[in-house]
Amino acid sequence: MSSVPPPQPLALRASDGRALAALLLAAHPTRGALCINGATGFRREFYLKFATYCAERGYHTLVYDYRGIGASARAPLAAESARMSEWGRLDMPAALECLAQRYPELPLATLGHSVGGQLIGCMPNQARARAHLMIATSTGYWRRQRVPFRYQALAFWKVYGPLMLRRFGYVPRGVLWSGESLPRGVFLQWRDWCLSPAAFGSALDADMSDAGFAAVQSPLLSWGFSDDPIATPAGVAALLRSYPNALIERRWTTPAEVGARTIGHHGFFAERHRDSLWRAALDWIDARCA
C-alpha cells in the first residue's frame, strides 16, 4: 500500500493562456520535483502508477494532458485548434514552470515519453531542469521504424487518418489507432513529421524555427528497448543528432534483461518493472539531482 497521498488536481496555465489539466503527486520527504511529459494519445492517468513510485522515491511528480488531449481537450473535438508543436513550445514549459514556482528550492528533472522527449528542445525554460530522461524517444520517421509496423503507420498516415478527418473532423480510436482521439491540427502536423526524413527541428517544421535544441546542455539519458517498433536505433540516433551539446547517455534494454516477454514502445510504464526499469530510472535521476 503506497503512503503517497491521492493525486491533487491542478490547472496549469500556458503562456498563451490555455488551461491544462494536471495531477500532482506529493512526496515526503523530498529530493526533487519531476515533470512527466507524455506520449501522443496517452492520457495523464496512464502514468499515475509510475508517478506514484516517483513520489515514493522523494519526487513531487506532475502528470498532465497536453492541449487537445484528454481532460485538456476542448469540445467539440472537431473544433479543437491544438497543434503538436504547441505541446513543446507552450505546454511542456508550463508544466516545468509550475514545479519551479511551487518548489523553488528543489532540483527539477523531466521524463519524456516519445514526443515528450522529442520536444525538449522547444522548451524555452528547459535549462531549469538538471536532467532529462527520454523513454522510447526517436524522430518517428516511418522508414526508420520496423517492418511490418512501418507499413501500418503508413496506412494510418495515408488512409485511416485522412478518412477519419473527413468523417468526424478529428481522428478517433480505431483499427489503426489505439490512443486518445487526436485533433485535426495535431494529426496533420504529426503526419508531416513522420513522413519526412528531415532533421528534427527547424528543418522539419517552421513552428520550431525559434527552438533551442542546440541550447540543451543538461545530462540527457536516451533509453530505448530492443523490441520497440517505433523508437529503433536508427530513429533514436537521428533524433539525438538534434541535441549536439547535451551530455547524452544512451541505454538499450532487451525484455529478457528484465525478465519480460515484451517492453515495446510503452511497456516501460507497466508496474511489473517497478524493481527493474523504474528503480534504474530513478537511480539515474537521483545521481543528477543530488
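Above: the structure in question.
On a predicted model such as this, the values are computed, not experimentally measured, just so you know.

### Considering the environment of tryptophan 252
Its place among the elements puts tryptophan 252 in strand S10 (residues 247-253). Under the relative-accessibility criterion, tryptophan 252 is labelled partly exposed at 35%. On a C-alpha basis, the gap between tryptophan 252 and arginine 67 in space is 31 Å, while along the polypeptide they are 185 residues apart. Not counting the four nearest positions on each side in its chain, tryptophan 252 is found in contact with Gly224, Phe225, Ser226, Ala231, Thr232, Pro233, Val236 and Glu257.

### Concerning the pattern of salt bridges
If the charged atoms of two oppositely charged side chains come close together, the side chains can form a pair. Evaluation of the coordinates by the stated rule reveals 19 salt bridges. Here glutamate 249 makes a salt bridge to arginine 251, at a shortest N to O gap of 3.0 Å. Relative accessible area serves as the criterion here: at 27%, glutamate 249 is assigned to the partly exposed category. A single salt-bridge network, built from bridges that share partners, covers Arg43, Arg44, Glu45, Asp65, Arg173 and Glu180.

### A word on the packing of helix H2 (residues 84-102) against helix H5 (residues 184-194)
Two elements in contact, H2 and H5, have axes whose closest approach is 7 Å; the angle formed by their N-to-C orientations is 100°. Judged by the inter-axis angle, H2 sits roughly perpendicular to H5. Touching Met84, Ser85 and Trp87 of H2 are Gly185, Val186, Gln189, Trp190 and Trp193, all from H5. In terms of residue class, the contact of H2 with H5 is made up of five nonpolar, three polar and no charged.

### Remarks on the state of the cysteines
Taken as a whole, this structure holds zero disulfides when the rule is applied. Counting only cysteine sulfurs, cysteine 35 is the nearest neighbor of cysteine 98, a cysteine outside any disulfide, at a range of 8.6 Å. Using a relative accessible area of 17% as the deciding quantity, one classes cysteine 98 as buried. Free of any disulfide, cysteine 194 has its nearest neighbouring cysteine sulfur in cysteine 122, separated by 14 Å. Judged by relative accessible area, which is 4%, cysteine 194 ranks as buried.

### Let's talk about helix H1 (residues 48-56)
Where H1 is concerned, the buried positions are Leu48, Phe50, Ala51, Tyr53, Cys54 and Ala55. Of the surrounding elements, those touching the buried residues of H1 are strand S2 (19-25), strand S3 (32-37), strand S4 (59-64), strand S5 (108-113) and helix H7 (274-289). Looking one or two residues beyond H1, the residue adopting positive phi is glycine 58, at roughly 105°.

### Some thoughts on the pairing of strand S1 (residues 8-13)
The side chains of a regular strand alternate, residue by residue, between the two faces of the sheet. Note that S1 and S2 share six bridges and pair antiparallel. From the neighbouring strand, leucine 10 faces S2, where its bridge partner is alanine 22. The loop that links S1 with its antiparallel partner S2 comprises five residues; one of these, glycine 17, has a positive phi angle of about 95°.

### Describing the packing of aromatic side chains
Overall, the coordinates contain 28 aromatic pairs when judged by the stated rule. Ring geometry for phenylalanine 46 and tyrosine 47: centres 4.9 Å apart, planes at 90°, overall edge-to-face. For phenylalanine 46, a relative accessible area of 31% gives the class partly exposed. Measuring from centroid to centroid gives 4.8 Å for tryptophan 157 and tryptophan 190, while their planes differ by 85°, and the two rings are edge-to-face. In this pair, tryptophan 157 sits in helix H4 (residues 149-168) while tryptophan 190 sits in helix H5, placing the two residues 33 residues apart along the sequence. Taking relative accessible area as the criterion, tryptophan 190 reaches 16% and is therefore assigned buried. Clustering of aromatic rings is evident, with ring pairs tying together Phe42, Phe46, Tyr47, Phe50, Tyr53, Trp223, Phe225, Phe268, Phe269 and Trp278. Arginine 251 extends its terminal NZ or CZ atom over the ring of tryptophan 223, reaching a point 4.8 Å from the ring centre.

Reading the values: the criteria
Residues numbered from 1 in each chain as written. Predicted model: local features only at pLDDT ≥ 70, side-chain atom pairs only at ≥ 80, totals over all residues. Heavy atoms only, no water. Helix = DSSP H or I, 4+ residues; strand = E, 2+ residues; numbered from the N terminus. Buried < 20%, exposed > 50% of the residue type's maximum accessible area, 1.4 Å probe, protein only. Contact = heavy atoms within 4.5 Å. Salt bridge = Lys/Arg side-chain N within 4 Å of Asp/Glu carboxyl O. Axes fitted to C-alpha atoms, helices over the stretch in contact; angles between N-to-C directions. Parallel < 35°, antiparallel > 145°, perpendicular 65-115°, else oblique. Nonpolar A, V, L, I, M, F, W, Y, C, P; charged D, E, K, R; others polar. Disulfide = S-S within 2.5 Å. Pairing = 2+ DSSP bridges. Phe/Tyr/Trp six-rings, centres within 6.5 Å; stacked < 30°, edge-to-face > 60°. Lys NZ or Arg CZ within 6 Å of the ring centre and 35° of its normal.

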